[in-house]
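Structural overview for review
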Amino acid sequence: MMKEMGFTEVYNMQGGMLAWSNAGMPVDNSGASPKSSGLTQEDYQKQVSANPLVLVDFNATWCMPCKKLAPILEELVKKEAGKLTLLKIDADANPELMQAKQIQGIPYLELYKDGKMIWSNMGMTDEATIAAQLK
């Protein structure tokens, strides 16, 4: 799209801004509105330990695969009829947590059983794959 707009020097950054930021590279946020650092690791651990089975969805409003995955996750939670809790975490609102967990791409899912992570997945996946992890 940028080439079509007339840009002659265009690069595709492998992993995008999440990978760049997690690698400790400089990011100029001087023009952006100030954001909170979001959840601490301690708060995150409390949330994933609050219920017996917790599926965490790291996402962002601008992420198209995240938007496609959202209804799949919500349907899965409905099917599990109260056994599964869905915790949605906005990657942009939680940069320190994203960096601490070294998450380099979204959507990113983590499944916790009794506060311990038993499965994770980066990228798009389907309901059957997630449901298989719940057994």
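Let us now look at the overall build of the protein chain. When helices and strands are tallied, the protein chain shows five helices and four strands. For the protein chain, the C-alpha atoms occupy an extent of roughly 50 × 30 × 20 Å along the three principal directions. Long-range contacts, defined as pairs at least 24 residues apart, comprise 69% of the intrachain contacts of the protein chain with a sequence gap of at least 6. When the accessible surface of the protein chain is split by element, carbon and sulfur atoms take 53% of a total near 8,800 Å². Across the protein chain, the mean location of the 13 positive side-chain charges is 7 Å away from that of the 16 negative side-chain charges.

Taken as a whole and judged by the stated rule, the model has one disulfide. Each sulfur in the disulfide pair Cys63 and Cys66 lies 2.4 Å from the other. An S-S torsion of about 75 degrees defines the bridge between Cys63 and Cys66 as right-handed. Relative accessible area serves as the criterion here: at 4%, Cys66 is assigned to the buried category.

With that out of the way, let us pick up the confidence of the model for the protein chain. The predicted model of the protein chain averages 89 in pLDDT, with 91% of residues at 70 or higher. Taken element by element, the protein chain is modelled with least confidence in helix 1 (residues 16-22), mean pLDDT 71, and with most confidence in strand 3 (residues 108-113), mean pLDDT 98.

Within this structure, the stated rule accounts for three aromatic pairs. Aromatic side chains Tyr44 and Phe58 sit 5.8 Å apart centroid to centroid with 40 degrees between the ring planes, which places their arrangement in the tilted category. In this pair, Tyr44 sits in helix 2 (residues 41-49) while Phe58 sits in strand 1 (residues 53-59), placing the two residues 14 residues apart along the sequence. Phe58 carries the same exposure label as Tyr44, and that label is buried. A centroid spacing of 6.0 Å and a plane angle of 75 degrees characterise the contact between Tyr44 and Tyr112, whose relative ring orientation is edge-to-face. Taken as a pair, Tyr44 in helix 2 and Tyr112 in strand 3 lie far apart in primary sequence, 68 residues in all. For the pair formed by Tyr44 and Tyr112, the shared burial category is buried.

Neighbouring strands of a sheet are bound in pairs by backbone hydrogen bonds; such pairs are parallel or else antiparallel. The strand order across the open sheet formed by four strands is 2-1-3-4, and the pairing between neighbours is mixed. Pairing within the sheet leaves two strands with one partner each, and these edge strands are strand 2 (85-90) and strand 4 (116-122). Taken pair by pair, the neighbouring strands of this sheet meet at an average axis angle of 20 degrees, ignoring direction. Across six bridges, strand 3 lies against strand 4 in antiparallel orientation. Within strand 4, the position partnered with Leu111 by the bridge is Trp119. Each of strand 1, strand 2 and strand 3 touches helix 2; the most contacted strand, strand 1, lies at about 135 degrees to it.

About the thresholds
- Residues numbered from 1 in each chain as written.
- Predicted model: local features only at pLDDT ≥ 70, side-chain atom pairs only at ≥ 80, totals over all residues.
- Heavy atoms only, no water.
- Helix = DSSP H or I, 4+ residues; strand = E, 2+ residues; numbered from the N terminus.
- Contact = heavy atoms within 4.5 Å.
- Areas by Shrake-Rupley, 256 points an atom, 1.4 Å probe, with all protein chains shown as cover.
- Lys, Arg positive; Asp, Glu negative; His and termini not counted.
- Charge placed at Lys NZ, Arg CZ, Asp CG, Glu CD.
- Disulfide = S-S within 2.5 Å.
- Buried < 20%, exposed > 50% of the residue type's maximum accessible area, 1.4 Å probe, protein only.
- pLDDT = per-residue confidence, 0-100.
- Phe/Tyr/Trp six-rings, centres within 6.5 Å; stacked < 30°, edge-to-face > 60°.
- Pairing = 2+ DSSP bridges.
- Axes fitted to C-alpha atoms, helices over the stretch in contact; angles between N-to-C directions.

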